[in-house]
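Topology and contacts: notes
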Amino acid sequence: MREGGVLVSASETVSGSRSLNALLRVLGGIERLGNRLPHPFWLFVILAALLALVSWGLAAAGVSAVNPATGKTVVAKNLLSADGVRMMVGDAVTNYTSFPPLGTILVVMLGVAVAERSGLLAAVLRSGVSRVSPKWVTFALAFTGMVAHVASDAAYVVLIPLGALAFRAVGRSPILGIVVAFVSISAGYDASPLITPTDAILSGLTTAAAHTVDPAYTVTPLANYFFSLASSLVLAATITLVTERVLARRVESMPIDPDTSEDDLGTLELSAPERKGLRAAAIALVVYVAAVVAAVLPAGSPLRGKDGGIVQSPLLTSIAIFLALAFLAVGWAYGRAAGTISGSRDIPGFMAHGFREMAPILVLFFAISQFLAYFKWTGIGEIIAIDGAGLLRSAGVSGPVVFLGILVVVTLINLLVTSGSAQWALVGPIFVPMLMLLSIPPEYTQALYRIADSCTNAITPMSPYFVMALGFLQRYRRSAGIGTLASMTIPLSFTLLVVWTLLFFAFWWLGIPLGPGAPTP
């Protein structure tokens, strides 16, 4: 029989229908279960309450462990004791203000907000998918999705409708453009050729987790840059291959509703002021990079480390300020040339707007910072990490097996807890020190988390952006539902999971550093 113009056997049709129905039941169950979970803020409040009860029981039982890295005995402490209550009340402000990701992300966002409010980021994304030949439109859109991660969640709002327009402009299905754009942003969320705000958040949380074993350990936002850069290219190529070889035949045969309107989806074309602004931004970026390089080159440069090196230097350990200045410089140059910035008085307003956009994250950070401070004070996380590492070592479990286990666990959690920072704050304090005690650097644990935190974003109905993508899809096909979108994103999602995991193992086995200054196994 024929389905949408494609020859399909009856057995294939029945089998595919059964598989899709089974998948829809699973997705429905995930959605119902996830809807019962509280907001991440309250989730960490509840976890803090449970931690207090667990700490009381473990302290009463005298649970302890010897840290092989320091030789010290770690004893579980009761959070409900007088000392525990004094810590919770007396250190609440300090717990929040000293939370590692807080200062980093705030500083970075000062610059990102200027680049975003000036219109630079949206113009960059539009330029990435405009004037592309039909042959390269899929790869161009997929790679632009990787670049779009610098705009954080705003990337979904900007790029998904542009994906539809880009594909329609070259005579292809806009539905396919929506799927490619959505999967590129969501399933590849933690991969980018640029440094993003996510890098600042993850590195801060990883640093806090690593302090359980080594209080002097620092993970910079550049710690996974080489891996992230390679991932963005590999994932874009994988999305292109699966789209053209698997999805295109089915999706492009789907009929589009005849009364579809694209008037409210924007346009791909850049105006003359926008093109002028992009040229000015490019020049500003070149000048800024050249200035930083010139400042670092002298042997006695204050931007170098005490040993004269770059690895442990202000340039890398304080990379947040350099990133903020870079975004500020290119955003200012773009805005002045494009006419979106009238003068220096606009800049503080743009920065303030960026902070308003950050408000939900700042609220969540308060709950997370308190929970992590309690977790560290009780010693429970360290005891779990020590005993877990000892168990794996005695069982002779190797790094790759541990990696796969963590990958499976975090991938399943990600179906329900789609907030990347909340999820890493939950599992990082266990996995990072545990693997450090197995001589696995935190940078590798963080890179593994990037994979598990990303790939299933494109298939879980718990993600608000899954619903957003479905809304854009329904503009072209009103009868589309969760199953319609899931049937197109699942092949991409699971292929990306496999390919990205293989790329991680290639870095591990070949001893390729994950980023500047990152240790190798």
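Residues numbered from 1 in each chain as written. Predicted model: local features only at pLDDT ≥ 70, side-chain atom pairs only at ≥ 80, totals over all residues. Heavy atoms only, no water.

This part takes up the overall build of the protein. If you tally the helices and strands in the protein, you get 21 helices and 4 strands. The burial tally for the protein puts 52% of its 521 residues in the buried class. At a minimum sequence separation of 6, the contacts of the protein that also span at least 24 residues come to 79%. For the protein, the exposed area adds up to about 22,400 Å²; of that, 66% sits on carbon and sulfur atoms. (Helix = DSSP H or I, 4+ residues; strand = E, 2+ residues; numbered from the N terminus. Buried < 20%, exposed > 50% of the residue type's maximum accessible area, 1.4 Å probe, protein only. Contact = heavy atoms within 4.5 Å. Areas by Shrake-Rupley, 256 points an atom, 1.4 Å probe, with all protein chains shown as cover.)

Bringing the environment of Phe 504 into the picture now. With respect to the helices and strands, Phe 504 occurs in helix H21 (residues 482-510). When the C-alpha atoms of Phe 504 and Phe 227 are compared, they prove to be 7.8 Å apart, with 277 residues separating the residues in sequence. Ignoring sequence-local partners within four residues, the contact set of Phe 504 consists of Phe 227, Phe 403, Tyr 444, Ala 447, Leu 448 and Ile 451.

The next thing to look at is the nonpolar core. By size, the foremost hydrophobic cluster in this structure holds 146 residues, and its most contacted members are Leu 159, Phe 182, Phe 227 and Phe 504. Top element by residues in this core is H21. It accounts for 13 residues. Not counting residues up to four positions away in its chain, the partners in contact with Phe 227 are Ala 447, Ile 451, Trp 500, Leu 503, Phe 504, Phe 507 and Leu 514. Membership of the second largest hydrophobic core comes to 12 residues, among which are Val 292, Leu 315, Leu 316 and Leu 323. (Core = buried A, V, L, I, M, F, W, Y, C linked by side-chain atoms within 4.5 Å.)

Located in the positive-phi region is Ser 439, a residue other than glycine, with phi close to 65 degrees. In this structure, Ser 439 sits in the loop between helix H18 (420-436) and helix H19 (442-454).

The subject of this paragraph is the pattern of salt bridges. A side chain with one charge may pair with a side chain of the opposite charge, provided their charged atoms come close. With the rule as written, the count across this model stands at 3 salt bridges. Residue Asp 83 is joined to Arg 86 by a salt bridge in which the shortest nitrogen-to-oxygen separation is 2.6 Å. Of the two residues, Asp 83 and Arg 86 both sit in helix H3 (residues 82-90), 3 residues apart, roughly one turn of that helix. (Salt bridge = Lys/Arg side-chain N within 4 Å of Asp/Glu carboxyl O.)

Attention now goes to the packing of aromatic side chains. Counted according to the given criterion, the structure contains 21 aromatic pairs. Pairing Phe 403 with Trp 508 gives two aromatic rings, centres 4.9 Å apart and planes at 90 degrees, and the pair type is edge-to-face. Here Phe 403, found in helix H17 (residues 399-414), pairs with Trp 508, found in helix H21; they are 105 residues apart in sequence, far enough to count as distant. Judged on exposure class, the residue Phe 403 and its partner Trp 508 are both buried. Their ring planes at 85 degrees and their centres at 5.2 Å tell us that Tyr 444 and Trp 508 sit as a pair that is edge-to-face. Placement of the pair is Tyr 444 in helix H19 and Trp 508 in helix H21, with a sequence separation of 64 residues. For Tyr 444, a relative accessible area of 0% translates into the label buried. In this structure, Lys 77 is placed above the aromatic ring of Trp 377, and the distance from its NZ or CZ to the ring centre is 4.3 Å. (Phe/Tyr/Trp six-rings, centres within 6.5 Å; stacked < 30°, edge-to-face > 60°. Lys NZ or Arg CZ within 6 Å of the ring centre and 35° of its normal.)

To continue, consider the packing of helix H2 (residues 40-61) against helix H15 (residues 346-378). Contact geometry for H2 and H15: axes closest at 8 Å, N-to-C directions at 15 degrees. Relative to H15, H2 is oriented roughly parallel. The handedness of the crossing between H2 and H15 is left-handed. Two secondary-structure elements touch here, H2 through Pro 40, Phe 41, Phe 44, Leu 47, Ala 48, Leu 51 and Ser 55 and H15 through Val 363, Leu 364, Ala 367, Ile 368, Phe 371, Tyr 374, Phe 375 and Thr 378. (Axes fitted to C-alpha atoms, helices over the stretch in contact; angles between N-to-C directions. Parallel < 35°, antiparallel > 145°, perpendicular 65-115°, else oblique. Left-handed = near helix turned anticlockwise from the far one by under 90°.)

The next point concerns the environment of Pro 258. As for its position among the elements, Pro 258 is in the loop between helix H11 (225-251) and helix H12 (272-296). Owing to a relative accessible area of 83%, Pro 258 belongs among the exposed residues under this scheme. Placed 218 residues apart in sequence, Pro 258 and Tyr 476 show a C-alpha to C-alpha distance of 8.4 Å.

Further remarks concern the confidence of the model for the protein. Averaged over all residues, the pLDDT of the protein equals 83, while 89% of them reach at least 70. Highest mean pLDDT in the protein belongs to H3 (94); lowest belongs to strand E1 (residues 2-3) (38). Note that pLDDT drops below 50 for residues 1-14; the model gives that stretch 11 contacts with residues more than four away or on any other chain. (pLDDT = per-residue confidence, 0-100.)

Looking now at the packing of helix H7 (residues 137-147) against H11. As a packed pair, H7 and H11 sit with axes 9 Å apart at the nearest point and diverge in direction by 140 degrees. Relative to H11, the element H7 lies oblique. By crossing handedness, the relation of H7 to H11 is classed as right-handed. Residues Thr 138, Phe 139, Ala 142, Phe 143 and Met 146 of H7 form the contact with H11, whose participating residues are Ser 232, Leu 233, Leu 235, Ala 236, Ala 237, Ile 239, Thr 240, Thr 243 and Glu 244. Tallied by class, the residues present in the contact of H7 with H11 amount to 9 nonpolar, 4 polar and 1 charged. (Nonpolar A, V, L, I, M, F, W, Y, C, P; charged D, E, K, R; others polar.)

Before going further, it helps to examine the side chain of Thr 198. Position of Thr 198 relative to the elements: it lies in helix H10 (residues 197-210). Not counting the four nearest positions on each side in its chain, Thr 198 is found in contact with Tyr 189 and Asp 190.

This next bit is on H17. Along an α-helix, a turn takes 3.6 residues, which lines up residues three or four apart on a common side. Taking 1.5 Å of rise per residue, 16 residues should cover 22 Å, and H17 covers 22 Å from first to last C-alpha, within 8% of that figure. Taken together, the buried positions of H17 are occupied by Gly 399, Val 402, Phe 403, Ile 406, Leu 407, Val 410, Thr 411 and Asn 414. Seen along its axis, H17 keeps its buried residues to an arc of 160 degrees; they face one direction. Of the residues in H17, the exposed ones pointing more than 90 degrees away from the buried face are Val 408 and Leu 412. (Expected span 1.5 Å × (residues − 1). Arc of directions from axis to C-beta.)

Quick look at the environment of Pro 255 now. Inspection of the secondary structure puts Pro 255 in the loop between H11 and H12. Its relative accessible area of 52% is what places Pro 255 among the exposed residues. Through-space distance from the C-alpha of Pro 255 to that of Ser 173 is 9.0 Å; in sequence the pair is 82 residues apart.

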